[in-house]
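Each chain, letter by letter, is given below.
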Amino acid sequence: MKFGNFFSGERRQKWILYYFDYCTLKLWLKDRRGDTQGSRTTLQLVEKQFHELVEQEISKVNTFYLKTHARILGKIDSLRAVLVGTALGTPESSGGRKKTDDLRNALLGQISHIDSQLNSLWAFCWSNHLAVWKIMKKHDKFTGLVATPWCMNIAEQKEFFKNSERFGLALVRFSECCAKVRNILTGRNENDDARPVSTTGSQSFTRQTVKYWVETRDLMKVKTVIAKHLPLYLFDPKKASRDWALISTVYYDDPATMQLYEGRLKKLEGAIAVRMRTYEGSEHEVFVERKTHHENWAWGENSVKERFSLDQDDVFDFTIGKYNETDFGERIAARGLSGSPAAKAPP
């Protein structure tokens, strides 16, 4: 399927005026294909006009995105305010079963509406990302000039292109609404079941994961479906402004053989990964980790992750062997923490 037909099918009818006008720009390029083969002056004029048109379209998309995101966030905040103090009641309470059912349906209806709006806006951003890139590839092919990096640099400065922060904030608040609705409908506070994160020196925690590939276009669908059934785990809820955090990781290996990389890639029994990792917001603390892979179905053993943390200033000394277990013990004691230098946990 040609991209023009695909893009037309992806557009939401109510928002059709605000999408990047890929088809018009493509026809504009085709109509001026001869001019691009002419004099340098003519080519420069065509390029100037095309760049202006592209920037206008990008600005149009971005303006609509900002207004729509603000509106959705406003709806989420309004629902959060309504949910404070709301109680489902019982069929025997004043108003009887009909009042209870009406409230239940109203709450679920609001959650579904916001879910639909978030997913529609995510799809809007995704399809426009693709349209901008596609039209620039067409431009480069027709003119023989390379303008894609220039255009993508302009687009990447716009909020609809770098939308993860804004969608992350909306998802955090949406998850809060979903959790409150579940609390109202079940009469049980999910926070009562939450286990606090350990603040001791031990890095022992149980985790078992199943990983799936999810296409970018479907990412918000997966997140909102999960949010409607399970609370969003946030390591520090007070600082939560999005549903994700940046992670920086450095892997160690023998560059001559890449033995560790190959073992992990092939999931060989006993394959090891050695790495150092920092998390956004706490870059001063560096985690030194060793992961050992085991096939549970074959050997009856879970994979193991062992890790401990270092101060950023101690990393270099550790890598050259100057920082040892005694230094680490002193670090733990100075912080008033407990726990062994390294602890094992399923990855």
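Residues numbered from 1 in each chain as written. Predicted model: local features only at pLDDT ≥ 70, side-chain atom pairs only at ≥ 80, totals over all residues. Heavy atoms only, no water.

### Section: the overall build of the chain
At step 1: Within the chain one finds 11 helices and five strands.
At step 2: Residue pairs at least 24 apart in sequence account for 68% of intrachain contacts in the chain once pairs closer than 6 positions are excluded. (Helix = DSSP H or I, 4+ residues; strand = E, 2+ residues; numbered from the N terminus. Contact = heavy atoms within 4.5 Å.)

### Section: the packing of helix α6 (residues 164–186) against helix α7 (residues 219–227)
At step 1: Direction vectors running N to C along α6 and α7 enclose 25°, while the axes themselves pass 9 Å from each other. Classed by the angle they form, the pair α6 and α7 counts as roughly parallel. Two packed elements cross with a definite hand, and for α6 against α7 that hand is right-handed. Contacts from Phe167, Leu171, Phe174, Ser175, Cys178 and Arg182 in α6 reach Met220, Lys223, Thr224 and Ala227 in α7. (Axes fitted to C-alpha atoms, helices over the stretch in contact; angles between N-to-C directions. Parallel < 35°, antiparallel > 145°, perpendicular 65-115°, else oblique. Left-handed = near helix turned anticlockwise from the far one by under 90°.)

### Points about a positive patch on the surface
At step 1: Residues Lys2, Lys30, Arg33 and Lys141 make up a contiguous surface patch of positive charge.
At step 2: As for its placement among the helices and strands, lysine 30 is situated in helix α2 (residues 22–31). (Patch = residues over 30% accessible without salt bridge, like charges linked within 9 Å, V, L, I, M, F, W, Y side chains within 5 Å. Areas by Shrake-Rupley, 256 points an atom, 1.4 Å probe, with all protein chains shown as cover. Salt bridge = Lys/Arg side-chain N within 4 Å of Asp/Glu carboxyl O. Lys, Arg positive; Asp, Glu negative; His and termini not counted. Charge placed at Lys NZ, Arg CZ, Asp CG, Glu CD.)

### Things to note about α6
At step 1: Given a rise of 1.5 Å per residue, 23 residues ought to cover 33 Å, and the 32 Å separating the end C-alpha atoms of α6 matches this to within 8%.
At step 2: Remark: glycine 187 follows α6 within two positions and exhibits a positive phi of approximately 75°. (Expected span 1.5 Å × (residues − 1).)

### Some remarks on the nonpolar core
At step 1: In terms of nonpolar packing, the biggest core is built from 50 residues, with Phe20, Phe50, Ile58, Phe124, Ile135, Phe167 and Phe174 touching the most fellow members.
At step 2: Elements supplying a minimum of two residues to this core: α1 (3–10), α2, α3 (40–83), α4 (96–143), α5 (148–156), α6 and α7.
At step 3: The element best represented in this core is α4, accounting for 13 residues.
At step 4: The contact partners of phenylalanine 20, leaving out residues within four places of it in the chain, are Phe7, Leu25, Val54, Glu57, Ile58, Val61, Asn128, Ala131, Val132 and Ile135.
At step 5: With nine residues, the next largest nonpolar core counts Val288, Val315, Tyr323 and Ile332 among its residues. (Core = buried A, V, L, I, M, F, W, Y, C linked by side-chain atoms within 4.5 Å. Buried < 20%, exposed > 50% of the residue type's maximum accessible area, 1.4 Å probe, protein only.)

### Digging into the confidence of the model for the chain
At step 1: On average, the chain scores 83 in pLDDT, and the residues at 70 or more come to 84%.
At step 2: Ranking the elements of the chain by mean pLDDT puts strand β5 (residues 343–345) last with 44 and α7 first with 94.
At step 3: A low-confidence stretch, residues 192–202 (pLDDT under 50), is modelled with 11 contacts involving residues beyond four sequence positions or located in other chains. (pLDDT = per-residue confidence, 0-100.)

### Structural notes on the layout of surface pockets
At step 1: Of the voids in this model, the second largest pocket is the one considered here, and its volume is about 150 Å³.
At step 2: Elements with a minimum of two residues in the lining of the second largest pocket: β2 (272–279), β3 (285–292) and β4 (304–311).
At step 3: Of the residues contributing to the lining of the second largest pocket, the split by class is seven nonpolar, no polar and five charged. (1 Å grid on protein atoms, 1.4 Å probe; cavity = no way out; pocket = protein on both sides within 12 Å on 5 of 7 lines; lining within 4 Å. Points joined across faces, edges and corners; volume = space filled by probe spheres on them. Nonpolar A, V, L, I, M, F, W, Y, C, P; charged D, E, K, R; others polar.)

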